[in-house]
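Structural description and commentary
One letter stands for each residue in the lines below.
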Amino acid sequence: MTSFQRRQALLPYLLLAPGLLWLAAFFAVPLYYMARISLEQGTIYTGYHFAWHFQTYADAISAYQTQIIRSFLYAGAATGIALAVGYPLAYAIAFRGGKWKTALLLLVIVPFFVTYLIRTLSWETILDDDGLVVNTLQTVGILSGNGRLLATTAAVIAGITYNFLPFMILPLYASLERIDPRMLEAGYDLYGTRRAVFTRVTLPLSAPGVVAGVLLTFIPAAGDFINAELLGTPRQAMIGNVIQSRYLELTDYPTAAALSFVLMAAILVTVLIWARVAGTESLLGSEAR
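Residues numbered from 1 in each chain as written. Predicted model: local features only at pLDDT ≥ 70, side-chain atom pairs only at ≥ 80, totals over all residues. Heavy atoms only, no water.

1. Considering the side chain of Thr255
Mapped onto the elements of the fold, Thr255 is located in helix α12 (residues 253–284). Thr255 sits in the buried class, given a relative accessible area of 14%. Those residues in contact with Thr255, other than ones at most four positions away along the chain, are Thr56, Ala60, Tyr64 and Arg246. (Helix = DSSP H or I, 4+ residues; strand = E, 2+ residues; numbered from the N terminus. Buried < 20%, exposed > 50% of the residue type's maximum accessible area, 1.4 Å probe, protein only. Contact = heavy atoms within 4.5 Å.)

2. Looking at helix α11 (residues 239–248)
In terms of burial, α11 is largely enclosed, as 7 of its 10 residues are buried. If you check which residues of α11 are buried, you get Ile239, Gly240, Asn241, Val242, Ile243, Ser245 and Arg246.

3. Quick notes on the environment of Ile169
Tracing the sequence through the fold places Ile169 in helix α6 (residues 153–177). Sequence separation between Ile169 and Thr217 is 48 residues; the distance between their C-alpha atoms is 9.8 Å. Among residues more than four places away in sequence, those in contact with Ile169 are Gly86, Leu89, Ala90 and Val108.

4. Looking at the packing of helix α2 (residues 55–96) against α11
Where α2 contacts α11, the axes come no closer than 7 Å and their chain directions differ by 130°. The orientation of α2 relative to α11 falls into the category oblique. Facing Tyr64, Gln67, Ile68 and Ser71 of α2, the residues of α11 in contact are Ile239, Val242 and Arg246. (Axes fitted to C-alpha atoms, helices over the stretch in contact; angles between N-to-C directions. Parallel < 35°, antiparallel > 145°, perpendicular 65-115°, else oblique.)

5. Thoughts on the pairing of strand β2 (residues 47–50)
With 4 bridges joining them, strand β1 (residues 40–43) and β2 adopt antiparallel strand pairing. By the bridge assignment, Gly42 is partnered in β2 with Tyr48. Count of turn residues in the β1/β2 antiparallel hairpin: 3 residues. (Pairing = 2+ DSSP bridges.)

As structure tokens, then:
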């Protein structure tokens, strides 16, 4: 093998090296230390020592299973609402946007120009008991005179949905934008009605965007804690709030680390089930039938 051939053979590994080093330094190594901490035993006063203490996992799940389940319920509800809102919007931009497509997409991502915390605080103002939204709903009779939106489950789910909605819209738009107009024309020739064309052509061809949007929305939503902290009460606390509290306030590092791994494992299982249900055809795209 010549020196040129050797350089050619090494080139892919050299290109991969920066990314692998980054993952090793900022993902693998922290993950190892977090796993080690989760197996430690002790208190903040006596100090922690490594003891292969797997009981921490069982105790953490037993103590905080309510928050774990609540996190997945909130994330699932927010993902479903985001899909219901995002798909028609992405569809309208892709097929009806015309020369305004770029401007409409810009409006979708404009909220990202403001920090996540400020966006959530703005919802706290919008849903305030003396705000326009609550006063309007009370006037039309949807809310009672002493009813409120802030510090409720609805407020937390609404905040999560709003903050992660662009993660749903953008993959959906990208998938819909790639649909060949000739496929839609053929669909009208075969099926005739808009509903049939949508269910038999558009929806199957946009399935990869649905799968991607659901994953990109659900995964960060399940670990979110800002919305529950600012828009809810302790009754709406999610597992992210527990982890944050255990790490930064109670300094119970083993429990916090164990809960982090439980959350990661639960999300991974959920993603695998979703991929199984969606199937490889939806993940990779399939031809309309």
